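Inside the fold
If you want the building blocks of each chain, they are given just below.
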Amino acid sequence: AALCAANAAGNEVTGTGSGGVEQWVAADGADVHFVDYHNGQLCGVIPGGKSRDSKTLQLESEAARGHDGVVTCLLHDAGAIYSGSSDEKIICWDFATHKALYCMTGHEGAIVSLASNSSYVASSSADLTVRLWTKHTALVGDDSRVGQQVRVVYGHVKSVLSLQIGESWMLTGAADFEVRVWTLQKSGKHSVSVECTHRLQGHECPITCVRYGTLEVLSGDMKGRIFIWWMKTATILRQCQVHSAPVKCIQFDSVHIVSGGADSTVCITDIATGEKLQTLIGHGPGPILALAFDAERIVSVGVDNTMRYWQWGRRVPPKDKFHLLDKGESLLTLSKLYSVSVDTLMRWNGISDMRHCHVGMKLIVRKGDPSKPTDAEKFAAEQEKKRLLEDVAANNRLNSRRDNAQVDAGTGQALLAKYNRVHKMATDIDFFSLNNRMFKQEKRQVELFPDRGDPNRNPHALSARLQRSKKQIAALSSPNASKSSLVDRYYISADNEDDWREVAEQLAMTMLSLLVEYEAYAVVMEQKRVLRSTISIIGRINRYATQKEKDREKDEKDKSGGEVGPDQLEVVQEEEEQEEDPGVYVQGEVDDVDRSASEPLPHGRGEGD
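Everything in this summary refers to the structure shown in the same document. All figures in this text were calculated on a predicted structure; none of them were measured in a lab.

1. Here we look at the environment of K158
- Looking at the element boundaries, K158 is found in the loop between β11 (149-153) and β12 (160-165).
- K158 sits 15 residues away from G173 along the chain, and the two C-alpha atoms are 9.9 Å apart.

Printed below as a string of structure tokens:
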């Protein structure tokens, strides 16, 4: 594919500017297609020689027949289209009529690259040569010289893969790892001299693309690297690893380098730092064939049969990466999966407690712009700012009160504001309330009915009682103290130490006996519960033994003729009691059952039953 170079020079790649062309060309086999920039509509097709019938080929000239081989390169020169093919021919086509103007032959290999200036067309081939041809616009009135070869340039030892030509210079890059800069000088009316001025060596692989600047030269190679050369010294200024495959096309200005590679990407590189700024992904598999850019957009053509427009200055900010919490996942799982701490995940998503997470919850696990806070972080920052403002306002109010406080003339220290009747509204729930302690003097002076007692003194407080005990001890220890003075029994001293020891021992014995009684009661209750249970083995054995004992006593009663003695009367009464309370059973004997391990309780209700 080939885009019109005049469009980019006019800062309008789609050709709508003055002098622009609104069609670009692409090759498919031996055919050349004309495509509209704006809607992608096919405007015309120039068929190759194999696409025509034999009768038409015999009547047409060599140029009009088109190419017999695959078109390998194209040149869009506004009013004319140049195509090079594997059939070693270069054909010039009229852009408006799509008719062949002339054919240039002379190469002994497939045409690899084409370039032009106002006077000449330059072509490179697999025969290791670069050839210069006259253009039809340069020889008006002398059509016999149109398309004639004027110079064959030798120098490279391998195929020249890319070239560019200006009015006084020519730039070539070849498979021999070398970039050469040539000067052009007209030596006659129909001749030109070409001389190599610089040989730029530094690539370690074939050079696939070259571009010339006023002060620098750019070259791309098979490894996806772009070299920036300084023309004055012929040295490498910067080496940029941009693509992962060969560089196919380059265009640059004073700020950016835009390149297309065989890795299906278009890359934007900072020419000053060599840093790759952005990678444009959208083309299908295959290399980028041509590109151009202006102040508003980038146009790229790929082997996937598409042309794509990329807008400058409309870079979409990177987006946050989200994760929907699935069943069985937690913040710890996401922390290990995305290499982010749990605290960071909680801060990004405004989570105060891990238990608040639920299945289906949408969580931010990676920020698109690390310097930009999330919505949760913004909300937390606003709340923190609001809290700080409230703290500052409170401090200001406190400082204002301190500034308005009166100063004691004697000490120079600030005093609290005087008590007023508004403070009486404060609830005085005890003797030690803040209201009583701060304004006790003012209360006595201002209140109509002041408190007679000291508001700070509570005779029932422990401190007051201890103080009273200390005074009594001090009175006893004095020489003139009377023996009748009493010391509160709750205060331990040397005199009542034995009494306190006895009290402690009795208390310990009482607590121990209570503990033993409680534990014994618990054991008894557990044994009774097991005997009464209808599920446990012991309960079922006890129930069987009891029933067997009742049957035996009943048989004895029947044998005795139905007479009921005093002893039997007691047994009948006990049976009636057991029928009223089925949870209590009588101890009995069970055949073939060893009950020595768990002896049942005696018959009847025990204490605590």
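2. What about the sheet that holds strand β2 (residues 31-36)?
- Read across the open sheet, the three strands follow the order β1-β2-β3; overall the sheet is antiparallel. Unpaired on one side and paired on the other, β1 (23-28) and β3 (42-46) mark the two borders of the sheet. In this sheet, neighbouring strand axes are inclined to one another by 20° on average, regardless of whether the strands run parallel or antiparallel.
- In the sheet, β2 pairs with β3 via four bridges, with the strands oriented antiparallel. Across the sheet, V35 pairs through a bridge with L42, a residue of β3.

3. Comments concerning the pattern of salt bridges
- By the definition in use, this model includes 19 salt bridges.
- Linking E296 and R297 is a salt bridge whose minimum nitrogen-to-oxygen distance equals 3.1 Å.
- The exposure class of R297 is buried, given its relative accessible area of 14%.
- Across the pair R529 and E526 runs a salt bridge, and its minimum N-O distance is 2.7 Å. Residue R529 and its partner E526 are located together in helix α9 (residues 497-532), separated by three residues, close to a single helical turn.
- Exposure remark for R529: the relative accessible area of 48% places this residue in the partly exposed category.

4. Let's talk about the packing of aromatic side chains
- Enumeration according to the criterion identifies four aromatic pairs in this entry.
- Here the aromatic rings of F34 and F95 are separated by 5.8 Å at their centres, their planes lie at 65°, and the arrangement is edge-to-face. With F34 in strand β2 and F95 in the loop between β6 (89-94) and β7 (100-105), this residue pair connects regions lying 61 residues apart in the sequence. Considered together, F34 and F95 belong to a single accessibility category, that of buried residues.
- Ring geometry for F293 and W312: centres 5.8 Å apart, planes at 70°, overall edge-to-face. Here F293 is found in strand β24 (residues 288-293), whereas its partner W312 is found in the loop between β26 (307-311) and β27 (321-324), with 19 residues between them in sequence.
- According to the relative accessible area criterion, F293 is buried, its value standing at 6%.

5. Focus: a nonpolar patch on the surface
- On the surface, M509, L512, L515 and V516 cluster together to form a nonpolar patch covering roughly 400 Å² of accessible area.
- Its location among the elements puts L512 in helix α9.
- Judged by relative accessible area, L512 falls into the partly exposed class, the value being 46%.

6. With respect to helix α4 (residues 342-349)
- In terms of residue burial, α4 counts as a mostly covered element, since six of its eight residues are buried.
- Turning to α4, its buried residues are V342, T344, L345, M346, W348 and N349.

7. Notes on the sheet that holds strand β16 (residues 207-212)
- Spatial ordering of the open sheet is given by β16-β17-β18-β19, a layout of four strands whose pairing is antiparallel. Pairing within the sheet leaves two strands with one partner each, and these edge strands are β16 and β19 (235-241). When the angles between neighbouring strand axes are averaged without regard to direction, this sheet yields 20°.

8. Focus: the side chain of H323
- Relative to the helices and strands, H323 resides in strand β27.
- Of the polar contacts made by the side chain of H323, one reaches the side chain of Y338; its length is 2.9 Å.
- Those residues within four positions of H323 in sequence are excluded, and the remaining contacts are E329, L334, L337, Y338, M361, K362, L363 and V365.

9. Some points on the nonpolar core
- In this structure, L3, W24, V25, V32, F34 and M307 are the most contacted members of the largest nonpolar core, which totals 24 residues.
- When residues of this core are traced back to their parent elements, those giving at least two are β1, β2, β4 (71-77), β6, β24 and β25 (297-302).
- With sequence-adjacent residues up to four places away left out, V32 is seen in contact with V25, A26, G44, V45, I46, V71, L74 and S83.

10. Looking at the packing of helix α3 (residues 331-338) against α4
- Contact geometry for α3 and α4: axes closest at 9 Å, N-to-C directions at 105°. Comparing the axis directions of α3 and α4 gives the class roughly perpendicular. Contacts between α3 and α4 involve L331, L332, L334 and S335 on the former and, on the latter, V342, L345 and M346.
- Among the residues forming the contact of α3 with α4, the class breakdown is six nonpolar, one polar and no charged.

11. A few points about unusual backbone geometry
- At A78, a residue that is not glycine, the phi angle is positive and equals roughly 60°.
- Along the polypeptide, A78 turns up in the loop between β4 and β5 (80-85).
- Overall, A78 belongs to the partly exposed group, its relative accessible area being 24%.
- Positive phi outside glycine occurs at S264, with the angle close to 70°.
- When you line up the elements, S264 lands in the loop between β21 (256-261) and β22 (265-270).

12. Let's talk about α9
- When the terminal C-alpha atoms of α9 are compared, their 52 Å separation across 36 residues agrees well with the 52 Å that a helix rising 1.5 Å per residue should span.
- Of all the residues in α9, the buried ones are K528, V530 and L531.
- Considering only its buried residues, α9 is in contact with α10 (537-559).

13. Remarks on the side chain of S124
- Considering the arrangement of structural elements, one finds S124 in strand β9 (residues 120-125).
- Here S124 is in contact with H107, A110, I111, V112, S113, T129, V130, V160 and L163, once residues within four sequence places are set aside.

14. Quick look at the environment of E296
- Relative to the helices and strands, E296 is located in the loop between β24 and β25.
- Note on E296: relative accessible area 47%, which makes it partly exposed.
- Here E296 is in contact with W310, Q311 and W312, once residues within four sequence places are set aside.
- Here the side chain of E296 touches R297 through a polar contact of 3.1 Å, side chain to side chain.

Rules behind the numbers
Residues numbered from 1 in each chain as written. Predicted model: local features only at pLDDT ≥ 70, side-chain atom pairs only at ≥ 80, totals over all residues. Heavy atoms only, no water. Helix = DSSP H or I, 4+ residues; strand = E, 2+ residues; numbered from the N terminus. Pairing = 2+ DSSP bridges. Axes fitted to C-alpha atoms, helices over the stretch in contact; angles between N-to-C directions. Salt bridge = Lys/Arg side-chain N within 4 Å of Asp/Glu carboxyl O. Buried < 20%, exposed > 50% of the residue type's maximum accessible area, 1.4 Å probe, protein only. Phe/Tyr/Trp six-rings, centres within 6.5 Å; stacked < 30°, edge-to-face > 60°. Patch = residues over 30% accessible without salt bridge, like charges linked within 9 Å, V, L, I, M, F, W, Y side chains within 5 Å. Areas by Shrake-Rupley, 256 points an atom, 1.4 Å probe, with all protein chains shown as cover. Polar contact = N/O pair within 3.5 Å; in protein donor to acceptor, adjacent residues only side chain to side chain. Contact = heavy atoms within 4.5 Å. Core = buried A, V, L, I, M, F, W, Y, C linked by side-chain atoms within 4.5 Å. Parallel < 35°, antiparallel > 145°, perpendicular 65-115°, else oblique. Nonpolar A, V, L, I, M, F, W, Y, C, P; charged D, E, K, R; others polar. Expected span 1.5 Å × (residues − 1).

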